[in-house]
Structures are given as structure tokens and as C-alpha cells.
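Residues per chain are reported as follows:
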Amino acid sequence: MRLDYLEYFVAAARAGSISGAALQLGRNRSTVSMAIAALEDELGAALFVRRGNSLALSPVGEHILDDCARIVALSNSIIERCARGEETAGQELRIGRDDVLSENFWRHVIRAIRKARPNVRLSMRYAESDVLPELVREGQLDIAYFIASGRAGPAPGLYSRVVARIGMRMMVARTHPLHSMSYVADDDLAILPQITYLDSTQRERFHLEAMGSERIALSSFELGKDAICDGLGWGYVPESLLSAEDDAQLGQINHGLGAAWYPYFVCSREPLTIGGRAGSALQSCAHDIILAQMRSEGLIAD
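Residues numbered from 1 in each chain as written. Predicted model: local features only at pLDDT ≥ 70, side-chain atom pairs only at ≥ 80, totals over all residues. Heavy atoms only, no water.

Enquirer: In this structure, what is going on with the overall build of the protein? I would like to understand it.
Expert: Along the protein, the regular secondary structure elements total 11 helices and 12 strands. With the C-alpha coordinates of the protein rotated into their principal frame, the extents come out at 85 × 50 × 35 Å. A sequence separation of at least 24 residues applies to 66% of the contacts in the protein between residues at least 6 apart. Working note: accessible area of the protein is about 15600 Å², and carbon and sulfur atoms make up 50% of it. Between the averaged position of the 31 positive side-chain charges in the protein and that of its 38 negative side-chain charges there is a distance of 7 Å. (Helix = DSSP H or I, 4+ residues; strand = E, 2+ residues; numbered from the N terminus. Contact = heavy atoms within 4.5 Å. Areas by Shrake-Rupley, 256 points an atom, 1.4 Å probe, with all protein chains shown as cover. Lys, Arg positive; Asp, Glu negative; His and termini not counted. Charge placed at Lys NZ, Arg CZ, Asp CG, Glu CD.)

Next up, the structure:
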């Protein structure tokens with residue numbers, strides 16, 4: 001049973017005609033027609049019901065179509081892997097990240113990495129920013145991206161650098177009187193609970209110390225943003241998470257500390273430079289893709 005005959009059969013079934021399959025495959029119509037006829041002769045069964053220039057699968061054709069498609073896909077995969085040789089054989093990339101950048105951002109990154117390195121085993125793990133460096137140090141992650149609330153680097157013994165500055169804006173629901181005030185003093189903030197970020201050690205971060213006694217501590221920036229949208233309090237929201245819909249519901253508070261900038265780090269156990277051993281080259285490739293996505297979203301300058 002010839003593999004190209006199976007490929008022609010699958011293409012004709014998807015296209016619904018011999019001419020459509022020929023166009024898709026870049027073959028002439030007679031070649032595709034003869035191949036399908038030869039496959040039917042070999043199998044001893046009609047695979048299509050002919051209706052003028054169109055085709056409909058016969059009961060036998062319907063029964064074997066998925067298996068034929070699997071055989072064709074597996075064959076193409078084997079050919080592609082052999083063509084790549086040992087370039088990506090057995091490679092794995094484990095990326096860690098916090099939730100400062102949106103899910104849509106990471107969706108684009110995952111898609112781009114898979115396109116660039118389709119045979120690499122890819123995993124992405126979410127964790128709090130204070131946990132991620134330790135996961136890299138322990139070898140559970142190869143590379144991690146996270147925001148730091150202090151000026152110090154993420155951890156000794158790791159290669160790390162700042163790749164962006166993330167703006168944090170003091171926000172409140174647009175329906176609340178705080179939003180319309182031309183100047184908001186510390187005492188004004190006390191009328192609403194402060195929404196704070198709670199890290200893995202139960203420590204509150206990205207907030208104003210001693211600002212009111214009532215707080216709502218949440219372990220996710222998205223949850224914090226939603227709580228502010230719901231009018232439950234005020235707090236700092238990463239600019240990178242603000243969508244057009246959020247801008248319609250949230251407004252920045254006119255306070256002296258209404259905006260702050262924090263470093264966004266990448267860390268790894270090896271330098272992120274092309275030309276090292278295969279593992280570091282793979283991490284550098286992923287890092288370049290992530291930086292490109294940051295540029296496209298205006299998080300870093302060109």
C-alpha cells in the first residue's frame with residue numbers, strides 16, 4: 001500500500017473532489033484520480049460515491065479515513081524529525097512565569113516557540129514571583145520570568161537580568177468618588193480597603209505600608225484587579241494586565257504615589273547566549289521570542 005495513495009485519498013475526502021485535492025497537493029487531476037482508483041483496487045472496496053464532479057465518502061471510506069490521516073501525519077512527522085537530525089532530539093524546555101503578563105501574552109509565546117522548535121518538549125509553569133528563582137536553582141525550571149518588588153536581584157548563583165520595567169498604577173473603580181478627586185491624600189485612601197498582593201510566604205507586597213487598617217490580600221494580580229473593578233477597594237495593578245475593557249472600569253488615583261515601576265527579571269542557571277551547548281541555545285531562542293513579544297506589546301522599547 002503506497003503512502004502517497006493514502007495521502008491522495010485523505011486530500012480528496014477533505015476537498016470533496018479530485019480537482020480540489022489535486023490543487024491542494026500540487027498534482028495534476030489524472031495523477032490523483034489514478035492513485036485513488038489503484039488504492040480502491042488494492043483494497044477491493046469503493047472509497048467514494050461519485051456524484052458528477054463531487055465525491056462523497058462511501059461507508060468503507062468513512063470507516064478508514066481517520067486511520068489513513070493518522071498514517072499520513074505520522075509519516076510526515078518521521079520525515080521532519082529525521083530531517084532535523086539530532087538538533088532537537090530529546091530536548092525539553094521548562095519555563096516558569098508569574099501572572100504579571102497576561103494569559104494572552106503567554107499564548108502568543110507558546111505558539112511562537114512551538115513553531116520555531118516543534119520537536120522540543122515544552123512546559124510552562126505558573127508560580128509566585130518569590131518562588132520562581134528557587135525552582136530554577138533546584139533544576140525544576142530552565143528559565144523563569146517574574147517581577148521583583150525590591151531593587152535587589154532575584155537570587156545569588158543564577159544568571160539574571162532586568163528585561164523590562166513594569167508600571168504599577170494605583171487604581172480604583174471609576175464609579176467611586178476617589179477617582180474623581182483632583183488630589184487624593186493618605187487619609188482619603190483610608191475610606192476603602194487596600195487590595196494587596198499576597199506572596200507564597202503570606203507576605204503582602206506591592207502596597208502602601210500602614211495605609212488604613214482594612215486590607216484584602218489576594219495571591220493573584222488578576223484577582224486583585226477584579227476586586228478593584230468590583231468596587232471592593234483600591235490597589236496597585238500592573239499596566240501589562242490592563243485591557244481596553246479594564247480601562248473603562250478602572251481609573252488611576254491622583255495620589256503622590258499613584259504610579260511605581262518595578263524590574264521584571266529573567267533568570268536561568270546558564271547565560272542566555274546563542275552558541276553555547278544545545279540546552280542554553282534552546283533557552284536563548286525562547287528568550288528572544290519572549291523579548292520580541294514584549295516589544296510587540298510595547299513593554300520594552302525597540
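From this point, the discussion proceeds with the structure in view.
Enquirer: Can you walk me through the packing of aromatic side chains in this structure?
Expert: To describe a pair of aromatic rings, you give the distance between the ring centres and the angle between the ring planes. Scanning all chains against the criterion turns up eight aromatic pairs. On the numbers, 6.1 Å between centres and 25 degrees between planes, the contact of Phe146 with Phe265 is stacked. Of this pair, Phe146 sits in strand E5 (residues 143–147) while Phe265 sits in strand E12 (residues 259–268), and the two are 119 residues apart along the sequence. As far as burial versus exposure is concerned, Phe146 and Phe265 are alike and both buried. These aromatic residues form a ring-pair network of at least three members: Tyr197, Phe206, Phe221 and Tyr262. (Phe/Tyr/Trp six-rings, centres within 6.5 Å; stacked < 30°, edge-to-face > 60°. Buried < 20%, exposed > 50% of the residue type's maximum accessible area, 1.4 Å probe, protein only.)

Enquirer: Is there a simple way to explain helix H3 (residues 29–43) in this structure?
Expert: Helical geometry: 3.6 residues make up each α-helical turn, so side chains three or four residues apart lie on a common side. Between the first and last C-alpha of H3 there are 21 Å, a value that for 15 residues agrees with the 21 Å anticipated at 1.5 Å per step. Those residues of H3 that sit buried are Val32, Ala35, Ile36, Leu39 and Glu40. Angularly, the buried residues of H3 cover 135 degrees about the axis, an arc narrow enough to put them on a single face. Residues of H3 that are exposed and point over 90 degrees away from its buried face: Met34 and Asp41. In the core, the buried residues of H3 are packed alongside helix H1 (3–15), helix H2 (18–25) and strand E1 (48–51). A positive backbone phi angle near 70 degrees is found at Gly44, which sits one or two residues after H3. (Expected span 1.5 Å × (residues − 1). Arc of directions from axis to C-beta.)

Enquirer: Explain the pattern of salt bridges to me, please; I cannot follow it from the model alone.
Expert: Pairing between side chains of opposite charge can happen when their charged atoms approach one another. Per the stated rule, a full pass over the model turns up 10 salt bridges. A salt bridge links Glu134 to Arg137; the nearest nitrogen and oxygen atoms lie 3.1 Å apart. On the criterion of helical spacing, the pair formed by Glu134 and Arg137 is a turn pair, its members being three residues apart in helix H6 (residues 132–137). Lys225 is the salt-bridge partner of Asp246, the closest N and O atoms lying 2.8 Å from each other. Of this pair, Asp246 sits in helix H10 (residues 244–249) while Lys225 sits in helix H9 (residues 221–229), and the two are 21 residues apart along the sequence. Residue classification places Asp246 among the buried positions, given a relative accessible area of 6%. When salt bridges with common partners are traced through the structure, they connect Arg94, Asp142 and Arg269 into a single cluster. (Salt bridge = Lys/Arg side-chain N within 4 Å of Asp/Glu carboxyl O.)

Enquirer: Where do I start with the pairing of strand E2 (residues 54–57) in this structure?
Expert: Consecutive side chains of a regular strand alternate in pointing toward one face of the sheet and then the other. As defined by bridge partners, E1 adjoins E2 across four bridges and the pair is classed as antiparallel. Among the inter-strand pairings, Arg50 is bridged to a residue of E2, identified as Leu55. Where E1 folds back onto E2 in an antiparallel hairpin, the turn is made up of two residues, including Gly52, whose phi is positive at roughly 65 degrees. (Pairing = 2+ DSSP bridges.)

Enquirer: Teacher, can you tell me more about the packing of H1 against H2 here?
Expert: To characterise two packed helices, one gives the angle between the axes of the helices and the distance between these axes. Across the interface, H1 lies against H2 with an axial gap of 8 Å and an inter-helix angle of 120 degrees. Judged by the inter-axis angle, H1 sits oblique to H2. For the crossing formed where H1 meets H2, the hand is right-handed. Here Glu7, Tyr8, Ala11, Ala12 and Ala15 of H1 lie close against H2, whose contacting residues are Gly20, Ala21, Gln24 and Leu25. (Axes fitted to C-alpha atoms, helices over the stretch in contact; angles between N-to-C directions. Parallel < 35°, antiparallel > 145°, perpendicular 65-115°, else oblique. Left-handed = near helix turned anticlockwise from the far one by under 90°.)

Enquirer: When you look at H9 in this model, what are you seeing that I'm missing?
Expert: Restricting attention to buried positions, one finds in H9 the residues Phe221, Gly224, Lys225, Ala227, Ile228 and Cys229. Of the residues that open H9, the one with a side-chain oxygen 3.2 Å from the backbone nitrogen of Glu222 is Ser220. Positive backbone phi, approximately 80 degrees, marks Gly231, located one or two places after H9. (Polar contact = N/O pair within 3.5 Å; in protein donor to acceptor, adjacent residues only side chain to side chain.)

Enquirer: Could you clarify how one ought to interpret the nonpolar core in this entry?
Expert: Within soluble globular proteins, side chains that are nonpolar tend to cluster in buried spots. Ranked by internal contacts, the top residues of the largest apolar core, which has 44 residues, are Ile147, Leu189, Trp234, Tyr264 and Met294. Elements represented by at least two residues in this core include exactly strand E3 (92–97), helix H5 (103–116), E5, strand E6 (159–173), strand E10 (234–238), E12 and helix H11 (278–296). When neighbours within four sequence positions are excluded, Trp234 is seen to be in contact with Met170, Met171, Val172, Leu189, Leu192, Pro193, Gln194, Ile195, Leu208, Met211, Ile228 and Ile253. Ile18, Ala22, Ile36 and Leu39 belong to the second largest nonpolar core, which has 23 residues in total. (Core = buried A, V, L, I, M, F, W, Y, C linked by side-chain atoms within 4.5 Å.)

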